[in-house]
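# Structure at a glance
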Amino acid sequence: MSGTTAESTWALGDYPEMARRLRPAADTAVATAALEPGTTLLDVGCGTGNAALAAARLGATVTGADPTARLLSLAAERARGERLPITWLHADTTGLTGAFDRVVSVFGAMYAPDHRQAADAMLRCCTPGGRIVSAAWTPDGFMAAANRVLAAYLPPPPPGARPPSEWGELAYLQDLFAPHHITATTRGVPFHFPSALEAAEFWTRTAGHLQAERPRIEAQGTWTALHHDLAALFTEHNQASSEPDDTTVLITSEYLLATITPA
Ligand SMILES: C[S@@+](CC[C@H](N)C(=O)[O-])C[C@H]1O[C@@H](n2cnc3c(N)ncnc32)[C@H](O)[C@@H]1O
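I will try to describe carefully the structure that is included in this document. Here the structure is a predicted model, which means the values were calculated and not measured. One numbering rule holds for all chains: residues counted from 1, following each sequence as written. Since the coordinates come from a predicted model, pLDDT governs what is reported: local features require at least 70, and pairs of side-chain atoms require 80 or more to be given and counted, while whole-chain, interface and lining totals use all residues. For the side-chain quantities, the full set of heavy atoms in the structure was used; hydrogens and water were omitted.

### Focus on the nonpolar core
Just so we agree on the cut-off: Definition used in this section: a nonpolar core is a set of buried Ala, Val, Leu, Ile, Met, Phe, Trp, Tyr and Cys residues joined via side-chain atoms within 4.5 Å. Think of it in three bands: with a 1.4 Å probe and only protein chains considered, a residue is buried below 20% of the maximum accessible area for its type, exposed above 50%, and partly exposed in between. Only DSSP runs of H or I reaching four residues or more are called helices, and only runs of E reaching two or more are called strands; each is numbered from the N terminus.
Core analysis: the largest hydrophobic core is formed by 85 residues, its most contacted members being Val103, Phe107, Trp167, Phe177, Trp203 and Phe234. Sort the elements by how many residues they give to this core and strand β7 (residues 249-261) lands first, with 7 residues.

Put into structure tokens, the structure is as follows:
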């Protein structure tokens, strides 16, 4: 991901296809936000708008913010298609201001380079007595395991960068959001594929940061090896039937669903 911005990497590849698979997590986060008609909600790192649209369907007054213009325009297109009046902001966490009853981030704030700044922005935007809901991949879950496999093929992260999956640890969030009260539970997003190799191809096709490095990895001649390593990981984590003629893959990627209630 070196030398590229959030905008350029998240805009690359078929990330919207991955976003479709993440909708159950957005629905769960919005249900956890306990909305009432007219509740104001900010979706941080809204991407193609999964949580923002789910909240607006329930009658909330919604703002979706994301630094990736391509994803934001897909979100706006989806909202227009459903006639949902959502305000869209082209902004990362540093640019966020306002007073919202609910601040939700589904696999969004965890990708901010400065975790404490992102947490402070979410706290700043949430009214006292409101609720912040964060969904973040856990360090022991499938997404982090896949990233460890991919790391062997990618440049090292910038010095001082914190792993996004730290947001998936309760103790880390307790420190970031101290002294505010946090409750958390783990949940999972299921992914089904016809085979482990197709799963690996889906993973690389939808990962913008990997697509950014693809020409270099291909030039090194390791693009195929990368797919085989990822396919092996899918096979290792496969929860589908182990019948010899069944190639189906089912994995569940664990995330931490946390609720912070600013006093
Ligand atoms: C895994 S996607 C999740 C998108 C959406 N919330 C969903 O559930 O499909 C991560 C999102 O975080 C956004 N993002 C990356 N860096 C960010 C930052 N510093 N502040 C806010 N959002 C960021 C990306 O643009 C991308 O849309």
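### As for the packing of aromatic side chains
Aromatic ring pairs are reported here in terms of the distance separating the ring centres and the angle at which the planes meet. Defined as follows: For Phe, Tyr and Trp, where Trp contributes only its six-membered ring, two rings pair if their centres lie within 6.5 Å, and the inter-plane angle classes them as stacked under 30 degrees, edge-to-face over 60, or tilted in between. Placement of a charge over a ring requires the Lys NZ or Arg CZ to be within 6 Å of the ring centre, with the centre-to-atom vector within 35 degrees of the ring normal.
For the structure shown, the criterion picks out 14 aromatic pairs. Ring plane angle 85° and centroid distance 5.8 Å describe the contact between Trp167 and Phe177, whose orientation is recorded as edge-to-face. Taken as a pair, Trp167 in the loop between α7 (142-151) and α8 (170-176) and Phe177 in the loop between α8 and β6 (181-193) lie far apart in primary sequence, 10 residues in all. Arg21 extends its terminal NZ or CZ atom over the ring of Phe202, reaching a point 4.6 Å from the ring centre.

### A few points about the site of the ligand
This is how it is decided: In these notes, residues near a molecule or strand are those with any non-hydrogen atom within 4 Å of it. Polar contact is the term for a pair of N or O atoms within 3.5 Å; when the atoms are in protein, one must be able to donate a hydrogen and the other to accept it, and sequence-neighboring residues count only if both atoms are side-chain atoms. Exposure was quantified through the Shrake-Rupley algorithm and a 1.4 Å probe, taking into account, for residues, occlusion by the shown protein chains and nothing else. Gly falls in the polar group here, along with every residue not listed as nonpolar (Ala, Val, Leu, Ile, Met, Phe, Trp, Tyr, Cys, Pro) or charged (Asp, Glu, Lys, Arg).
Within the structure, the ligand sits among 20 residues, and Tyr15, Gly45, Asp66, Thr68 and Val106 are positioned closest to it. Backbone polar atom of Gly45 to a nitrogen atom of the ligand: 2.8 Å apart, as the coordinates give it. At a separation of 3.2 Å, a nitrogen atom of the ligand approaches a polar backbone atom of Thr93. Burial of the ligand by the surrounding chains reaches 97%, relative to a free accessible area of 600 Å². Elements represented by at least two residues in the shell around the ligand include exactly α1 (6-10) and α2 (15-21). Looking at the shell around the ligand, its residues break down into 12 nonpolar, 6 polar and 2 charged.

### Regarding unusual backbone geometry
Look at the link from Ala178 to Pro179: it is a cis peptide, with omega at 5°. If you trace the backbone, Pro179 turns up in the loop between α8 and β6. Here Arg83, not a glycine, exhibits a phi torsion of approximately 55°, which is positive. Topologically, Arg83 is positioned in the loop between α5 (69-81) and β3 (87-90). Phi angles above zero are rare outside glycine, and Phe107 is one such case at about 55°. Tracing the backbone shows Phe107 in the loop between β4 (100-106) and α6 (115-125).

### Observations concerning the side chain of Asp43
Worth spelling out the cut-off: Positive charges come from Lys and Arg, negative ones from Asp and Glu, while His and the chain ends are left out of the count. By convention in these notes, a salt bridge is any Lys or Arg side-chain nitrogen within 4 Å of a carboxyl oxygen on Asp or Glu. Residue contacts are defined here by distance: any two heavy atoms, one from each residue, within 4.5 Å place the two residues in contact.
By the element assignment, Asp43 lies in strand β1 (residues 40-44). The side chain of Asp43 sits in the buried core without any salt bridge; Arg78 is the nearest counter-charge, 8.4 Å away. Of note is the side chain of Asp43, whose polar atom sits 3.1 Å from the backbone nitrogen of Ala52. In this structure, Asp43 is in contact with Ala51, Ala52, Thr63, Gly64, Ala65, Val104 and Ser105, ignoring residues within four places of it in sequence.

### Re α7
Where burial is concerned, most of α7 is hidden: 7 out of the 10 residues are buried. Residues of α7 that are buried in the fold lie against α2, β5 (126-137), α9 (196-206), α10 (208-220), α11 (223-237) and β7.

### Quick notes on the environment of Gln117
By the secondary structure assignment, Gln117 is in helix α6. Residues Gln117 and Asp246, spaced 129 residues apart in sequence, show a C-alpha to C-alpha distance of 47 Å. Beyond its immediate stretch of four places on either side in the chain, Gln117 contacts Thr93 and Thr94. A polar contact of 2.9 Å, which involves the side chain of Gln117, links it to the side chain of Thr93.

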